[in-house]
Amino acid sequence: MAGHSKFKNIMHRKGAQDKKRSGMFSKLSREITVAAKMGLPDPDMNPRLRAAINAAKAQSMPKDNIQRSIDKAARGDTENYEEIRYEGFGPGGVSLIIEALTDNRNRTATNVRTAVSKNGGNLGASGSVSHGFDRMGLITYPASAGNADRVFEAALEAGAEDVTSNEDGHEIWTAQGDLHEVAKALTPVLGEPEGAKLAWRPQTMVTVGEADAGLLLKLIDTLDDDDDVQTVWGNYEVPDEVMEKLG
């Protein structure tokens, strides 16, 4: 469990996310609807739906919104969303994996390509950067779930592969196929997780200097503003002193 947690730099910044609550609710609703449509509308019988609902609750999404998203799938009056992954490079040579849920592939491709190219990056072919990441399960808990030792012991007992903890919270990494079983085993011990999803964990990190960091973060914020983009993963690390200068 050595080392500083990189998760705050792997996903788009939570601070930016908090400012865009309505957009975030839209993305959470879309994930709930897709999860309910792909499986049973009962979260106890549908691990992906359960994880989507837990993620929505962690962001204080109203219960009515959650239920509406489930009902939408049950009625079959929803768009046909497809999951698409884009891979490419951002400023400073960092690798990015952009996951989207869209009902219009052409619109999303155009928007993502434009955002990347206008902010110092370029998209690559499928597989161009994903070979530098491991596909794993990621379970997240707030710092209030317990101290690092308690969470580490619980995760080890539940069958997790790695744990990183810092003042922002805990990230528990699992084998891809073990995600929902580990999350289920942790719930009685640590409570419901904030999130439980498949993730892209970089094998090596790239430290981004001040010259590239501003443009990189602008690119990630631009992608985050797109309703179709669900998650942006990357192998970048912005040092704290650079983040402070950028404000």
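Preceding this paragraph is the structure being described.
Residues numbered from 1 in each chain as written. Predicted model: local features only at pLDDT ≥ 70, side-chain atom pairs only at ≥ 80, totals over all residues. Heavy atoms only, no water.

Remarks on the packing of helix H6 (residues 105-118) against helix H9 (residues 210-225)
Where we set the bar: Axis definition: a line fitted to C-alpha atoms, over the contacting stretch in the case of helices. Angles run 0 to 180 degrees between N-to-C directions. Secondary structure follows DSSP: runs of H or I at least 4 residues long count as helices, runs of E at least 2 residues long count as strands, and numbering of each begins at the N terminus. Each angle is binned into one of four classes, with values under 35 degrees roughly parallel, values over 145 roughly antiparallel, values of 65 to 115 roughly perpendicular, and all other values oblique. Left-handed describes a crossing in which the near helix is turned anticlockwise from the far one by less than a right angle; the clockwise case is right-handed. The contact definition used throughout considers only heavy atoms, calling two residues in contact when any of these lie within 4.5 Å. Side-chain classes are defined by residue name, with Ala, Val, Leu, Ile, Met, Phe, Trp, Tyr, Cys and Pro counting as nonpolar, Asp, Glu, Lys and Arg as charged, and the others, Gly among them, as polar.
As a packed pair, H6 and H9 sit with axes 9 Å apart at the nearest point and diverge in direction by 165 degrees. By the criterion of interaxial angle, the relationship of H6 to H9 is roughly antiparallel. Between H6 and H9 lies a crossing of right-handed hand. For the pair formed by H6 and H9, the contact residues are Val112, Ala115 and Val116 on the first element and Leu219, Thr222 and Leu223 on the second. Split by residue class, the contact of H6 with H9 holds five nonpolar, one polar and no charged.

Focus on the pattern of salt bridges
Opposite charge on two side chains permits pairing when their charged atoms draw close. Put simply, the rule is: The salt bridge definition used is simple: a Lys or Arg side-chain nitrogen within 4 Å of an Asp or Glu carboxyl oxygen. A simple rule labels every residue: compare its accessible area, found with a 1.4 Å probe on the protein chains alone, to the largest value its type can have, and call it buried under 20%, exposed over 50%, or partly exposed in between.
In this structure the tally under the stated criterion is 13 salt bridges. In this structure, the salt-bridge partner of Asp103 is Arg107, at a minimum N-O distance of 2.8 Å. Relative accessible area serves as the criterion here: at 35%, Asp103 is assigned to the partly exposed category. Measuring nitrogen to oxygen at the nearest pair gives 2.6 Å for the salt bridge that ties Arg201 to Asp162. You can see Arg201 sitting in strand S7 (residues 195-202) and its partner Asp162 sitting in strand S5 (residues 162-166), a full 39 residues away along the chain. One network of salt bridges, in which partners are shared, links Arg30, Asp103, Arg107 and Asp228.

Comments concerning the nonpolar core
Condition: Among buried residues, the Ala, Val, Leu, Ile, Met, Phe, Trp, Tyr and Cys ones that are joined through side-chain atoms within 4.5 Å form a nonpolar core.
Core analysis: the biggest nonpolar cluster contains 21 residues, and Tyr86, Ile98, Val112, Val208, Leu223, Val232 and Tyr236 have the highest contact counts within it. Looking at this core, the elements with two or more residues in it are strand S1 (82-89), strand S2 (95-102), H6, H9 and strand S9 (229-234). Take this core: its biggest share by element is five residues, from H9. The residues contacting Tyr86, other than those within four sequence positions of it, are Leu96, Ile97, Ile98, Ala100, Arg105, Thr108, Ala109, Val112 and Leu123.

Digging into helix H8 (residues 179-190)
This is how it is decided: To estimate how far a helix should reach, multiply one less than its number of residues by 1.5 Å. When we speak of the arc, we mean the arc of directions from the helix axis to the C-beta atoms.
The end-to-end C-alpha separation of H8 is 15 Å, in line with the 16 Å expected for twelve residues at 1.5 Å each. Taken together, the buried positions of H8 are occupied by Leu179, Val182, Ala183, Leu186, Thr187 and Leu190. All buried residues of H8 fall inside an arc of 145 degrees around its axis, so they share one side. In H8, the exposed positions angled more than 90 degrees off the buried face are occupied by Glu181, Lys184 and Pro188.

Topic: the sheet that holds S7
Quick note on the threshold: Two strands pair if DSSP finds at least two bridges between them.
Spatial strand order, S5-S6-S4-S7: four strands in an open sheet with antiparallel pairing. Of all the strands in the sheet, just S5 and S7 have a single pairing partner and so form its edges. When strand polarity is set aside, the average angle formed by the axes of neighbouring strands in this sheet is 30 degrees. Summarising the sheet, strand S4 (residues 133-141) and S7 pair through eight bridges and their orientation is antiparallel. Looking at the pairing, Gly137 lines up with Leu198 of S7. Across the face of the sheet, H8 comes into contact with S4, strand S6 (169-174) and S7 while running at roughly 20 degrees to S4.

Considerations on the sheet that holds S2
Spatially, S3-S1-S2-S9 is the arrangement adopted by the four strands of the open sheet, whose pairing is antiparallel. Sheet topology places strand S3 (122-124) and S9 at the edges, where each strand pairs with a single neighbour. Neighbouring strand axes in the sheet, compared pairwise and without regard to direction, differ in orientation by 30 degrees on average. Here S2 runs beside S9; their pairing, made up of five bridges, is antiparallel. From the neighbouring strand, Glu99 faces S9, where its bridge partner is Thr231. Along the sheet, H6 makes contact with S1, S2, S3 and S9, crossing S1 at roughly 20 degrees.

Without other data, these values stay purely geometric and don't point to any function.
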